[in-house]
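What follows is the residue order along each chain.
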Amino acid sequence: MKVGIITNDDQTIQFLSKEVAEYGLKKLVVSKSVVFRSVKKFLNSEDEFDILFVDTGKDTTTSVESAKMIRQAFPKITLIIISNNQSDVLDAFPVRAYRFLVKPISTEMIDEALDSFRRDQFSEKYVIGKTKTGYRTFCMDEIHYVMADGKHSIIYLEAGEFRLSTPFSQMVEQLSDEAFFVSSRSFIVNMQFVLRFNSTEIILLNGEQVPLSRRRKMDFYIKYNEYIKTHTFK
């Protein structure tokens, strides 16, 4: 787990660096932190991070203002905002912060945030289905769509398709509401693979077509529009 820390406060740097290192020892995970004293230095870095703590920058930019600049450059990065003021939480909503921590921050606050992040990363990226040979996991980022097959379902991936004995309804329950949309009674589609659509069907990047029911087309237009504003695509 690679953690970025943006702050010009030496005490915060010392505390967070220590907490990230000790968290790795307690949880038996590899954890590394890198410190940036300004947003500009972070944006000029070529490093990739799993999670980013954002405090006041070197130029005295507030943590929320810094987070807004970072979110524009990295739509998917997980941000934890640290602030002296509880009232800043309202301004933090547009940047979709994972956590908003008010100083003084504690070991318990950091551990809870990192525990939750690790749980969410696994639960949001994988689903479980039953094949002929037993249960297996599927990465959500590789799923184009899932189709009902009677009482069972078929999952379509970049690498091919798998016929599952898992009911379609159970697959839908596992898939992320943020990235997937139930386009008809028998189909759920991954919006990151959408190329174009019309009033009756959704065309995916690989040319496959998924039906879009008349009853759900307006909901899809709205949700897809929200999705493309906040996500990058393959």
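Counting of residues starts from 1 at the beginning of each chain's written sequence and follows it residue by residue. In keeping with the model being predicted, local features are shown solely for residues with a pLDDT of at least 70 and side-chain atom pairs are shown and tallied solely at 80 or more, while totals for entire chains, interfaces and linings include all residues. Computation of side-chain values covers all heavy atoms of the structure but excludes hydrogens and water.

## A closer look at the side chain of Ser38
Rules: Put simply, DSSP marks the helices as runs of H or I at least four residues long and the strands as runs of E at least two long, and each gets a number from the N terminus on. Working definition: with a 1.4 Å probe on protein chains only, accessible area under 20% of the residue-type maximum means buried, over 50% means exposed, and in between means partly exposed. By the criterion applied in these results, polar contacts are pairs of N or O atoms within 3.5 Å in which, for protein atoms, one can donate a hydrogen and the other can accept it, and in which residues neighboring in sequence qualify only through two side-chain atoms.
Mapped onto the secondary structure, Ser38 falls in the loop between β2 (32–36) and α2 (39–43). In this structure Ser38 comes out as buried when scored by relative accessible area, which is 11%. At 3.1 Å, the side chain of Ser38 forms a polar contact with the backbone nitrogen of Lys41.

## Comments concerning unusual backbone geometry
The omega angle of the peptide bond from Lys103 to Pro104 is 5°, so this bond is cis rather than trans. Even without being glycine, Leu28 reaches a positive phi, approximately 60°. Tracing the backbone through its elements, the reader meets Leu28 in the loop between α1 (10–27) and β2.

## Observations regarding the packing of aromatic side chains
Using the following cut-off: Two rings belonging to Phe, Tyr or Trp (six-membered ring only in the last case) form a pair when the distance between their centres is within 6.5 Å. Interplanar angles under 30 degrees mark stacking, angles over 60 mark edge-to-face geometry, and anything in between is tilted.
According to the stated counting rule, one finds 13 aromatic pairs in the structure shown. Note on Phe36 and Phe42: the rings are 5.5 Å apart at their centroids and 80° apart in plane angle, and the pair reads as edge-to-face. The buried category is assigned to Phe36, whose relative accessible area is 8%. The exposure class of Phe42 is buried, given its relative accessible area of 3%.

## Let's talk about α1
Since the α-helix packs 3.6 residues into each turn, any two residues three or four apart lie on the same face. Defined as follows: Every helix has an expected span of 1.5 Å times one less than the residues it contains. By construction, the arc corresponds to the directions joining the helix axis to the C-beta atoms.
End to end, α1 covers 26 Å across 18 residues, agreeing with the expected 26 Å (1.5 Å per residue, within 8%). For α1, every residue scored as buried is listed here: Thr12, Ile13, Leu16, Glu19, Val20, Tyr23 and Gly24. Seen from one end, α1 has its buried residues packed into an arc of 140°, which puts them on one side. Away from its buried face by more than 90 degrees, α1 exposes Asp10, Gln11, Gln14 and Leu25.

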